[in-house]
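# Commentary on secondary and tertiary structure
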Amino acid sequence: MGDYVWFHDVSWHATYAIYFFVIGICAGLSFLSYGSWRTEALRPLREKAAYGSFALLVVGGLLLIGDLSQPLRFLNILNPAYLNFTSPLAWGALNIVAFGIASVLYLAALKQGSQARGKVLATVTALLALGLPIYTGYDLTVHQSRPVWNTPVMPVLFVALAIASGSAVGAILAGANESAQRLLREYLLWSTAAVGVILVSILGTTNYGGAAQELTFMILTTGTMGLIFVGIGIVVGTAAPIALLLAPFGRQQVGVVVAGVLVLAGGAALRYALLMGPQQLQTLY
Amino acid sequence: MSDELRVSPIETREVPGKRRFAMVVDTRRCIGCMACQVACKAEYDTPLGVNRTWVPYKVVGKYPNVKKQFLPRLCNHCDDPPCVRNCPVGATYKHEDGGFVLQRYERCIGCRSCMAACPYNARFMLPSHRTYTPITNVVDKCTFCFHRVTQNLVPACVQTCIGRSRVFGDLNDPTSEVSYLVAKNATQVLRPEEGTKPHVFYIGADRNQTEFGRDAYRKPDVMELQRDAFKRHFNI
């Protein structure tokens, strides 16, 4: 009572969460396009996934640049004289540019129908795509003063989310292709299960932490943020699709697509809550 | 001793020939006049709604024995600053002589990574328009009044502090007042568990303010409205 509190703005707003979502799907689709060279069942997705991945990279890049308060200075991050390699953002920028170049070359190889070059470039693109969710997770992990962000499994969680989101979009793109849907169901099931396991471990350790951790746990599990994180992220977007995919309905094509839509909704909610929830605590410190 | 405690090569603790500026805030002497806040605003034309230094307070105790406990806050000019590590373009850097953590405004891209990294919320985004100063849309923070200190003046907040609550000086100089205060008093720094090695030392700070409290969870909604209005006005 009578206290004077000074508010601080959160550092990263919702645009960054949308970027996480978009770039996760981008990486996931790149994995699928690479997978089409290894598994015949994914062959119908090769071009669709590659073009979709590149389109989302453009959207993600624009979101990232637009989120800067000095958008025209985004080139500073590629200036060798300025680059600070202790920052994960610097590595992320290099990764995005390298992925973009590899994607363009890969799309050109697909257009020319060059099998040998396509296979090599698909591998390179997929490896660089793996760096995208890893760097976004690492981007949060390095902030050791923020509970939940500072858990070392964050990059692993973002990789699992990228596979789940990419498989979900792949399931929608696959349409009525039965063999692709069957494989994507497996991908969806295992990646979503991995997301669930990691979330349980994060929540468990957060609740056993110090005051900051416990307060962050409360922010994430109650009120509006609780509805987004637990309600949409965990129940609707993680537990429900797993249950659905294990049920007989989930073995049908419609069931896989429905599970994919739920995973996408959950993936968006989880990324938003994981980004915004842990920032709320410090706004009053 | 110092060599054992020094972890990062950029740390300035007892490095020969290098100064290590620090501030001691004696909260027992702070009367909450907010003159430091005003002096800082005047020195830098800091816009409405953001501050380089601020003085939050809590009312502690039980009626009739109650008192206001002040905790002046500012950038801690950490010896091992996470904001410097996190800046992707080197816009935030540590000045070798003095340990000032400073900002290159012309290089800042506004990614707010430094804001996320700072455990003390000492950094803020400047609004898109200002009345007298052309520096906009970049991250700003306290500079320990670098421009004044390099001319042998103390920071504006220290100059104006009527209760002499804020004391500034070179911690590497054993004869300085800050060295004496840190050596002779029980001091504390904010959030020592973060390993940032802050250069702002508090005497008599209250745990109600230095630690996370339940208020962080129960946010007063009325203030949220004010903050939203501010953000809309300044397009933040």
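In the block above lies the structure referred to throughout.
All of these numbers come straight from a predicted model, not from anything done at the bench.

All names here are of chain A. Within the fold, R251 resides in the loop between α8 (223-246) and α9 (253-280). R251 sits in the exposed class, given a relative accessible area of 55%. Counting along the chain gives 95 residues from R251 to V156, while the straight-line C-alpha distance between them is 27 Å.

Attention now moves to the interface of chain B and chain A. Taken together, the contacts link 56 residues of chain B with 46 residues of chain A. Joining chain B to chain A, the criterion identifies 1 salt bridge. Between D67 of chain A and R112 of chain B there is a salt bridge whose closest N-O contact spans 3.2 Å. The interface formed by chain B and chain A contains 26 residue pairs in polar contact (both at pLDDT 80 or more). Among the elements of the structure, β2 (57-62), α3 (82-86), α4 (113-117), α8 (207-210) and α9 (221-234) of chain B are those that each provide at least two residues to the side of chain B that touches chain A. In the side of chain B that touches chain A, the residues fall into 28 nonpolar, 13 polar and 15 charged.

Before going further, it helps to spend a moment on helix α7 (residues 211-221) of chain A. All names here are of chain A. Listing the buried residues of α7 in full gives A212, L215, T216, F217, M218, I219 and L220. Close packing links the buried residues of α7 with α6 (178-207), α8 and α9. The positive-phi residue at the C-terminal boundary of α7 is G223, with phi of around 65°.

Attention now goes to the packing of helix α1 (residues 14-38) of chain A against helix α3 (residues 88-112) of chain A. Residue and element names in this part refer to chain A. Running from N to C, α1 and α3 cross one another at 40°; their axes reach a closest spacing of 13 Å. The orientation of α1 relative to α3 falls into the category oblique. For the pair α1 and α3, the sense of crossing is left-handed. Along the contact surface, α1 presents Y16, Y19, C26, S30, S33 and W37, while α3 presents L89, I96, F99, Y106 and L110.

Residue and element names in this part refer to chain A. Following both chains from N to C, one finds α8 and α9 inclined at 150°, their axes separated by 7 Å at the closest point. If you check the angle between α8 and α9, you find them roughly antiparallel. Judged by the sense of rotation from one axis to the other, the crossing of α8 with α9 is left-handed.

If you look at the biggest cluster of nonpolar residues, it comprises 64 residues, and the most contacted ones within it are L140, L157, F229 and L275 of chain A. Take this core: its biggest share by element is 8 residues, from α1 of chain A. Among residues more than four places away in sequence, those in contact with L275 of chain A are W12, H13, Y16, A17, F20, L140 and W149 of chain A. Grouped together as the second largest cluster of nonpolar side chains are 34 residues, M218 and I219 of chain A together with L71 and V149 of chain B included.

What follows is about the packing of aromatic side chains. The full count for this structure, using the stated rule, is 13 aromatic pairs over all chains. When the ring of Y19 of chain A is compared with that of F20 of chain A, the centres are 6.2 Å apart and the planes differ by 50°; the resulting orientation is tilted. Look at F21 of chain B and F168 of chain B: their rings are 5.3 Å apart centre to centre, the planes differ by 10°, and that puts the pair in the stacked class. Of the two residues, F21 of chain B is situated in strand β1 (residues 21-26) and F168 of chain B in strand β8 (residues 166-170); the sequence distance between them amounts to 147 residues. A single burial state applies to F21 of chain B and to F168 of chain B, both of which are buried.

What follows covers the side chain of R191 of chain B. As for its position among the elements, R191 of chain B is in the loop between β9 (187-188) and β10 (200-203). Overall, the relative accessible area of 5% leaves R191 of chain B in the buried class.

All names here are of chain B. Scanning all chains against the criterion turns up 15 salt bridges over all chains. Among the ionic pairs, R148 bridges to E43, the shortest N-O distance being 3.8 Å. Of this pair, R148 sits in helix α5 (residues 146-149) while E43 sits in helix α2 (residues 35-44); the two residues are 105 residues apart in sequence, bridging distant segments of the chain. Looking at R148, the relative accessible area reads 13%, which means it is buried. The class of E43 is partly exposed, set by a relative accessible area of 30%. When salt bridges with common partners are traced through the structure, they connect R191, E193 and E194 into a single cluster.

Cut-offs applied
- Residues numbered from 1 in each chain as written.
- Chains lettered and ligands numbered in written order.
- Predicted model: local features only at pLDDT ≥ 70, side-chain atom pairs only at ≥ 80, totals over all residues.
- Heavy atoms only, no water.
- Helix = DSSP H or I, 4+ residues; strand = E, 2+ residues; numbered from the N terminus.
- Buried < 20%, exposed > 50% of the residue type's maximum accessible area, 1.4 Å probe, protein only.
- Contact = heavy atoms within 4.5 Å.
- Salt bridge = Lys/Arg side-chain N within 4 Å of Asp/Glu carboxyl O.
- Polar contact = N/O pair within 3.5 Å; in protein donor to acceptor, adjacent residues only side chain to side chain.
- Nonpolar A, V, L, I, M, F, W, Y, C, P; charged D, E, K, R; others polar.
- Axes fitted to C-alpha atoms, helices over the stretch in contact; angles between N-to-C directions.
- Parallel < 35°, antiparallel > 145°, perpendicular 65-115°, else oblique.
- Left-handed = near helix turned anticlockwise from the far one by under 90°.
- Core = buried A, V, L, I, M, F, W, Y, C linked by side-chain atoms within 4.5 Å.
- Phe/Tyr/Trp six-rings, centres within 6.5 Å; stacked < 30°, edge-to-face > 60°.

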